[in-house]
Every structure is written in structure tokens, then in C-alpha cells.
Amino acid sequence: MATYQGLLRAVPEDVGMSTSRLARIAPIMQGYVDTGKIPCALTMIARRGKLVHFEKFGMQDIATAKPIQFDTIFRLYSMTKPITSIAVMMLYEEGHFQLGTPVSEFVPYFKDMKVYTEDGSDIVDAEREVTIKHLLTHTAGLIYESDREDHPIDQRYEDADLYGGDLVSMIQKLGDIPLLHQPGTAWHYGMSTDILGYLVEVVSGMPFETFLKTRIFDPLGMNDTGFSVRVENANRYSKVYEFAEDSNLQQIENVHAETAPLSFFHSGGGGLQSTATDYLRFCQMVLNGGELDGVRLLGKKTVELITMDHISNDWQPNQRTGSGFGLGFAVVTDVADTHTLGSLGTCGWGGMASTTFWIDPVEELIGVFMTQLVGADSPFQAQFRTLTYQALTE
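Reading guide: rules and limits
- Residues numbered from 1 in each chain as written.
- Predicted model: local features only at pLDDT ≥ 70, side-chain atom pairs only at ≥ 80, totals over all residues.
- Heavy atoms only, no water.
- Buried < 20%, exposed > 50% of the residue type's maximum accessible area, 1.4 Å probe, protein only.
- Helix = DSSP H or I, 4+ residues; strand = E, 2+ residues; numbered from the N terminus.
- Contact = heavy atoms within 4.5 Å.
- Salt bridge = Lys/Arg side-chain N within 4 Å of Asp/Glu carboxyl O.
- Core = buried A, V, L, I, M, F, W, Y, C linked by side-chain atoms within 4.5 Å.
- Polar contact = N/O pair within 3.5 Å; in protein donor to acceptor, adjacent residues only side chain to side chain.
- Axes fitted to C-alpha atoms, helices over the stretch in contact; angles between N-to-C directions.
- Left-handed = near helix turned anticlockwise from the far one by under 90°.
- Nonpolar A, V, L, I, M, F, W, Y, C, P; charged D, E, K, R; others polar.
- Pairing = 2+ DSSP bridges.

Caption draft 1: Spatial organisation of helix H12 (residues 380–389). Taken as a whole, H12 has its buried residues at Phe 380, Phe 384, Arg 385, Leu 387, Thr 388 and Tyr 389. Against the buried residues of H12 lie helix H2 (25–34), strand S3 (40–47), strand S17 (330–332), strand S19 (356–360) and strand S20 (365–370).

Right, dumping it as C-alpha cells:
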């Protein structure tokens, strides 16, 4: 059987998918590129451990008309979070802590936290400690933005210049800012996973970057994943785009660059760069219950815990109806309520530059979609998902 970068390839019909139906993906994605809705797209599908679809469209650099390649390196942004969460759960398995362990036992900056009252007019003591599970489930009270008009916490985050120093400096600053809500009482997407990255560093006794490389990337063969891009691979790195006022695509600077355009802040929440094939290997490990090609990162029961819903039914993340949240991944809890095709227990997440992935344990199906567009408002991700599922034949 043919392989691509360590991934077994199969004729779609051999794993219960239709070649002709998968062919519907290309004209839709090419149409988005041709009409300037996205700069590029890379679509990847695997079923039953076999790669059945891998296609590319558009440019990784519009100015030089450089086409996207199968080995193009993308900015993951928040698709970093599931990887960081897996690193935390590896340390959990080794007995370093329990999910209910207060974070302050390892990160003292989060001892005796303060919390804003609901209207933001006052600050009170936290009723309970922030735990590791609160961080994994985004229920700690940390934010990116509050989604509440004129809430003082937004100005506190802006004034803190969180990316203006190193990882330790970021964590210290976050510990000084009151939480948006009492820990464990609501779901709010934010910088919890950055704290988890620092937790990995403290518990493991090695730099966060080193832990990810030696314990996850090297064992899984994710050779192009990291917080920087090697000089010899710079020509493979995609530009990142947004829409200008005239609705045309324009290149933007990569945010949170550390010392050079190809080296980034070691953010557990959004600092990694990777290829689609590397990320598919990570997804396949999760789908396999923690193992890939004879390398086991996690036990089967741990992966089950990670990919089950851990939040209250009335805490729908970002109005993601039909979805709850596990330990670092969104999880489908009601397929009908998602208004799309899928299965119960499907987990996944996305990134700020419109990248996304999902892992369906019922259909043994993985989808990975890569582009580099910040601020997109288009159904191309949902369409890719629909086009994937409609190709299933058994």
C-alpha cells in the first residue's frame, strides 16, 4: 500500500468512501480561491487509519504567486491548544497531579485569586482555587475578551502587554488580573491553555518547547511542528492574510513573533506552526486511543476522558449549539443541534487563521482543513465537513 510521509494511502472505496463524491470537494474549494474568498486551502481526509483525500488550492504567497504545497507550513494559532492539553494529560497519567489539583501548587501566581462581580463594578475573593481541570475546560475565568460592553477586565488584559516578555512574565501578569467569573461556574474561551503550557514546563522540569518536541513531536514523527521554522524551510512557510477595506486579501504580520518572523512566542494557546500531515498524525494518535505506529503517548481510558463532555449543558461554548467541551477539545453532544453532518463524540477545534480539524470516533474519520485567513466569515469549513461526510458509503 502506498504511503505519504508515513501515512498509509487507500482507494476511498476500500475504506467505505466514494471517489466520485470526494471529487465534489475540489470545485468548491477552487471556487473560494478564484473569487478571492480565501488565499489557499489544503484539504485532508483519513478513514480507518488510511489517507483517502489530500488536495491543495491557491497560493501560500499571493504577491509572488507561490502555490501552496502539500508540505506548506501553517500557523496553527489555537489548534495548538489540543496539543498542549495532551501534554498536560501525559503528566497527569504519570501521577504528578489530579485534575482537581489547584494550579497554585505548581504556579503560585494563581494563589488567592480575585474575581470581578458579574457587572464588573467590584472585585471579590475567589470562592475556590483555580484547578487544572478548570484550565483544560476553559472554566477558570480567564479570557481573550469579555464579550461584555465596557467591562474593566478587557482594559486590564490590554494594559498587561501579555506577549511583551517571556512565558514566565505572561503567567505572572495573568495572575495579577482578576478573573471574569468564579472558577468552575461558566465557560469562557481564553488564555487558560497558556498557563497549562507553563505548568508543563514546571512539572516536567524542562522547557515547554523541549517537552513537546521530545515527548510528542519526535515520537509521532511530527518533524515540521514547533514554535519556529528552520531557515531551510522558510520557503515552505505560508503568509497570513486578512481582508482589506476594499474586501481584497492583504498580507498581515504574524502576531506574537518573538525575535524574527519565523520564531514565535512559546504560547501553549497559539504559538505552534505545523503541516497538515503532521497534524493528521496527531489526530490519528487521538483516534487510535493514544497510540500511533507502535508509539503510545496516552492510555485508552485517558483519551476517553479527554474526549467526553465536561461542561454544563447551559454553558454552550461561543454559541456552538450541540457541542460541549472536553479536556482541550470541543465535543459533539447533539448532532441534530449542530445543524451539520457528524457523530456523537466527534471532537476538534480550530485556529484564528481559519484552520480546523475534527476526529470522529464512530466513523473512524479525520478531517483537516488548512488555510491562512484571519477574520474569515464564510461557510467553507462547514462545507468541507459536509462534503466529507456525504462521501461516506458504509
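Caption draft 2: Main features of the pattern of salt bridges. Overall, the coordinates contain 14 salt bridges when judged by the stated rule. A salt bridge links Glu 363 to Arg 47, with the shortest nitrogen-to-oxygen separation between them at 2.6 Å. Here Arg 47 lies in strand S3 and Glu 363 lies in the loop between S19 and S20, a separation of 316 residues in the sequence. Here Arg 47 falls in the buried class, since its relative accessible area comes to 3%. A salt bridge links Glu 304 to Lys 300; the shortest N-O distance between them is 2.5 Å. Residue Glu 304 and its partner Lys 300 are both found in helix H10 (residues 300–306); the two are separated by 4 residues, about one turn of the helix. Owing to a relative accessible area of 51%, Lys 300 belongs among the exposed residues under this scheme. A cluster of three or more residues bridged by salt bridges with shared partners is formed by Asp 71, Asp 224, Arg 230, Glu 232 and Arg 236.

Caption draft 3: Layout of the nonpolar core. Membership of the largest hydrophobic core comes to 90 residues, with the highest contact counts inside it found for Ile 86, Leu 212 and Ile 216. Counting residues per element, this core draws most heavily on helix H9 (residues 276–287), at 8 residues. Other than its neighbours up to four places away in sequence, Leu 212 contacts Ile 83, Ala 87, Phe 217, Phe 227 and Leu 272. Judged by nonpolar contacts, the second largest core, of 25 residues, contains Ala 26, Tyr 241, Leu 373 and Phe 384.

Caption draft 4: Broad picture of the side chain of Thr 356. As for its placement among the helices and strands, Thr 356 is situated in strand S19. Of note is the side chain of Thr 356, whose polar atom sits 3.3 Å from the backbone oxygen of Trp 349. Beyond its immediate sequence surroundings of up to four residues, Thr 356 is in contact with Met 79, Trp 349, Gly 350, Gly 367, Val 368, Phe 369 and Gln 381.

Caption draft 5: Geometry of the packing of helix H3 (residues 80–93) against helix H7 (residues 192–204). Direction vectors running N to C along H3 and H7 enclose 35 degrees, while the axes themselves pass 9 Å from each other. Between H3 and H7 the crossing geometry is left-handed. Contact residues: H3 offers Lys 81, Thr 84, Ser 85, Ala 87, Val 88 and Leu 91, while H7 offers Thr 193, Leu 196, Gly 197, Leu 199, Val 200, Val 203 and Ser 204. Taken together, the residues of the contact of H3 with H7 sort by class into 7 nonpolar, 5 polar and 1 charged.

Caption draft 6: View of the environment of Gln 182. Among the secondary structure elements, Gln 182 is positioned in the loop between helix H6 (167–176) and H7. Each C-alpha atom, one on Gln 182 and one on Ala 140, is 7.3 Å from the other, the two residues being 42 residues apart in sequence. Setting aside chain neighbours within four positions, we find Gln 182 in contact with Val 115, Val 124, Asp 125, Ala 126, Glu 127, Arg 128 and Thr 139. Separated by 3.3 Å, the side chain of Gln 182 and the backbone oxygen of Asp 125 make a polar contact.

Caption draft 7: Summary view of the environment of Val 33. Here Val 33 shows up in helix H2. According to the relative accessible area criterion, Val 33 is buried, its value standing at 16%. Residues Val 33 and Asn 235, spaced 202 residues apart in sequence, show a C-alpha to C-alpha distance of 21 Å. Residues in contact with Val 33, not counting those within four places in the same chain, are Ile 38, Pro 39, Cys 40, Phe 57 and Gly 58.

Caption draft 8: Region of the structure containing the pairing of strand S9 (residues 240–243). Bridge analysis of S9 against strand S10 (residues 249–252) gives 4 bridges, and the strand direction is antiparallel. Residue pairing for S10: Glu 242 is matched across the bridge by Gln 250. Count of turn residues in the S9/S10 antiparallel hairpin: 5 residues, of which Ser 247 carries a positive phi of about 75 degrees.

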